[in-house]
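# Examining the three-dimensional arrangement
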Amino acid sequence: MSTLVALPVLLPLLAAALSLVAGPIAAVQRVLSVSVLTAIAAVAGALLVAADRGAPVVLRVGGYAPPMGITLVADRLAALLLLVSIVVMLGVLVFAIGQRASDHGPRSASVAFHPMYLVLSAGVSLAYLTGDLFNLFVAFEVMLSASYVLISRRTNAPRVRASMTYVIVSLTSSLLFLTMVAFVYAATGTVNLADLSGRIDALPEGAKAGLALLMVVVFGIKAAVVPLHFWLPDSYPTAPTPVTAVFAGLLTKVGVYAIIRTQTLLFGEHGDWAFLLAVALLTMLVGALGAIAQNDLNRMLSFLLVSHIGYMLFGLALFTVAGLTGVILYVVHHIAVQAALFLVSGLVTRHTGTASLRDMSGVARTHPRVAALFALPALSLAGLPPLSGFVAKVVLLRAGAEVATPMAYVVTAAAVLTSFLTLYAMARVWVSAFWGEPSPPVPDVDPTDEVTVGTGVTSKPMLASAGGVVVAGLAVAALAGPLSTLSERAATDLLDRGPYRAAVLEGSSG
Amino acid sequence: MTERQDWEQWDLPTEAWLRSERGSEGWPRSLQLEVTVRVLFPTVLVFSVYLLLAGHHAPGGGFSGGLVAGLAFVLRYVAGGSVELASAARIKPPAVIGAGLSVAVLTALVPVAFGHPVLASTHWEWHVAGFGDVKLATNLFFDIGVYLLIVGLVLDLLRSLGAGIETRDLEREQERERRRAEEERR
C-alpha cells in the first residue's frame, strides 16, 4: 500500500524520460502521457479511499525513519487534491493534444511539451504528498523548472518579457523559501513536518510569528496573494491556452495547499488570525476590482483567479473546522472551474482572433456550444446555485458568520460583495463577447505565436476535453454531499494534527 | 573489400583526430587550443568516471562527475564550435537525458520488487585476489542516472544556447566580409 504513495511522483518522471527518448514520434508521447496520468488518477483515488478509511498512508523513502529520512504522506487532504489535480491535468492534456493536432496536423510532435508536462505533474504530486519541508522546496523547484520551459516555449518578444517576469518572481520566491527552510532548521533542528509540529510549539512567540509570516510570504507569492499578486495577470495570459489553464488551475492552488498545510500542521490552532483575514479581504477586493477594469478576457480571468484566492485564505484564517471545510471545498471547486474557464476562453479566442472584449461579439450565435461551455463555469465561479461555487461559498460564509468577531463579519460581507463583482465581470464578458451581432474574426496579429489563432478550427477532442473539465466542475456540485463530509473529516484532521503526527512518527524515536 | 585489405586497414582511424581544413562555419580556430583539448578530453572523461565511482564515500558522485564530463564537452565546444561538439557526442542530448532519468527512476523502483520501500539500497562486498576489497552499492546505479542526466543537460544547453551565439557570430562575420567586398568594389 505504502508504495502507492511514491507512484504519482515516480511514474510521470519515468514517462517523461521515455517521452524524451521517444522524441519525435508523436503517437508514443501522447499514449504515454495520457495512460500515465490516467494511472495516477487511479492511484490517487485508491490513496483517497485508503486515507479516508483509516490512517494517512505513509511511505518512508529508502526505509529511513523520520525525522532523518524523507517521508511521503497521503492524508485525506493531500489525496483529495491530488485526485482533482490529476483529473484536471488529464483533461487539459487531451485539450493540448487536440489543439496541436488541429493546428499542426495529427502527426506533428513537440519534443519538449509532453516530457515537461509530465515533470510538472510529478512536481505537483510531490508537493501534495511530501511530509518534509525541504522536500517541499524540491517539489516546488521541479514544478517551477518545468513551468519555466512550458511558459517560454515558442516565444516572441512580448512573451519573453512576460516569462522573464514569471521566472524572476518565482526565483525570488524560491530564494526566500530556501532562507525560510534554513531558519526553521536553525531554530528547531529538523525539517520533517510532523516532527516540526511539536518542536515549533516550544519556540518563543516572536520566532514563531516570524516563521509563520515568512511562510505566508513565500507561499503567498506562488498563490498570488495581494500584494504579491502583480506578476500573475502579466504572465499567465501570454502562455498558450493549455499551459495557462493548468498553471491557473493548479500552481496557485499548490501554493494555497502549502499555506494550509504549514499553518495548520506547524502552528496549530491560534484562533482566527486578523492579519490573514485582512490579507484575504484585500485579495478578494483588489482582484475583483482589477478584473472589472480589464478589457482582455484572459487578463480578466487572471484577476478573478487572484480574487478567489482570497476566499481560500478567508476560510483558513478562521481556523475552525467549518472554515477549513469551506477552504477544501473551495480549492476543489476552483481547480476545476478556473481551468475550464481558461480552456473555454482559449476556444473563444480561436474563433474571434482576439482576446479583447471590445472587439469580439456574437459568439453565442456562431458557436452556441462554446457559449454554453463558458456559461456554466462562469456562473459557478460567481457562486450561483446550484453550481459548485455556490456550495463552497455557502460553507465559507456560514463559517465566517459562526466565528462572529467584527473582523470576520467584515470579511464575510466582502466575500459576498466579491461574489457580486465576479457576477458583474462575467455578465460583462457575456454581453460583449457572446451577445450581439456576430463580428468577423480579427486576423491573427502574429501567426507564429500559439496564443490567438483567429478563425482557427476547433477539433472535437478540444471541445470534448473542455467539456470534460466543465463536467468535472459540475460533478463537484453533484457530489457536494459526500464531498463536504469528506472535507469536514479532512478539516478535523488538519486542526487535530494528531493522526498525521501519529502516522508519520509511529515507531520512530523522533 | 578483400581479406588482405581488411587485415591492413582494420586499425586505421575511421575519422580525423583533428579537423584539418577550415570549415564553412567561419569560427576563428586556434591550433594550440584544439590540440590541447583533444589530448585532455579522454583524461577529463576518465576523471569524471572516477568521481562517479568514488562518490559513495569520498567527494564526488553522479552530479559532480556528470558536471566534469559536461565540462569536457564544453572544452571541445569552445575549441571547435558545434561541428567539433557534434563529432564528440553522437547521441542526441534529449535521449541522454531520458536514459539518465529512466535509470534513476528505475533504481528507485527496483527495491519494491524485493519487498523493500522505494529508493532502499543495499551493497555487496567481494574480496578480489590481488586487487583488494571491492564494494558495490546499489546507489551507484542512481548516480549513473544522475551522471547521464547532467551530461545530457550540458550537451542540450550547448546545443540550444551555444548554437544561437555561434550563428550570430557567423552572421556578423559574413556581414563584415560583405561590407569589405563592397568597399573594395568601390
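Read on for a plain summary of the structure.

Conventions adopted
- Residues numbered from 1 in each chain as written.
- Chains lettered and ligands numbered in written order.
- Predicted model: local features only at pLDDT ≥ 70, side-chain atom pairs only at ≥ 80, totals over all residues.
- Heavy atoms only, no water.
- Buried < 20%, exposed > 50% of the residue type's maximum accessible area, 1.4 Å probe, protein only.
- Helix = DSSP H or I, 4+ residues; strand = E, 2+ residues; numbered from the N terminus.
- Pairing = 2+ DSSP bridges.
- Contact = heavy atoms within 4.5 Å.
- Buried area = accessible area lost by both parts, 1.4 Å probe.
- Salt bridge = Lys/Arg side-chain N within 4 Å of Asp/Glu carboxyl O.
- Polar contact = N/O pair within 3.5 Å; in protein donor to acceptor, adjacent residues only side chain to side chain.
- 1 Å grid on protein atoms, 1.4 Å probe; cavity = no way out; pocket = protein on both sides within 12 Å on 5 of 7 lines; lining within 4 Å.
- Points joined across faces, edges and corners; volume = space filled by probe spheres on them.
- Nonpolar A, V, L, I, M, F, W, Y, C, P; charged D, E, K, R; others polar.

Residue and element names in this part refer to chain A. The alternating pattern of strand β2 (residues 71–74) places Thr71 and Val73 and Leu72 and Ala74 on opposite faces, both of which are buried. Where strand β1 (residues 57–60) meets β2, four bridges bridge the pair, whose relative direction is antiparallel. Its bridge partner lying in β2, Leu59 is registered against Leu72.

Here we take up the interface of chain A and chain B. Listed by partner, the interface residues are 15 residues for chain A and 17 residues for chain B. Between chain A and chain B, the buried area comes to about 1200 Å², and carbon and sulfur atoms account for 86% of it. Summed over the three residues of chain A that lose the most area to chain B, namely A:Leu10, A:Leu14 and A:Leu20, the buried surface amounts to 35% of that side. Counting across the chain A and chain B interface gives zero salt bridges. Counting every contact that joins chain A to chain B gives one residue pair in polar contact (both at pLDDT 80 or more). Element by element, the count of residues in the side of chain A that touches chain B is highest for helix α1 (residues 7–22) of chain A, at seven residues.

So, about the pattern of salt bridges. Residue and element names in this part refer to chain A. Under the definition given, this model contains 13 salt bridges over all chains. Between Glu437 and Arg365 there is a salt bridge; the shortest N-O distance is 3.3 Å. Of this pair, Glu437 sits in the loop between α17 (406–434) and α18 (460–478) while Arg365 sits in helix α14 (residues 363–366), placing them 72 residues apart in sequence. The class of Arg365 is exposed, set by a relative accessible area of 55%. Among the charged side chains, a network of salt bridges with common partners joins Asp52, Arg76, Arg489 and Asp493.

Another point: empty space enclosed by the protein. All names here are of chain A. Evaluated as defined, the whole model comprises five cavities of 30 Å³ or more. Reported here for the largest cavity is a volume of approximately 230 Å³. As for the largest cavity, its lining consists of 19 residues, and the residues nearest its centre are Ala96, Arg100, Ser110, Phe113 and Arg153. Those elements that provide at least two residues to the lining of the largest cavity are α2 (26–53), α3 (76–104), α4 (113–129) and α10 (241–267). Take the lining of the largest cavity: its biggest share by element is six residues, from α3. Taken together, the residues of the lining of the largest cavity sort by class into eight nonpolar, six polar and five charged.

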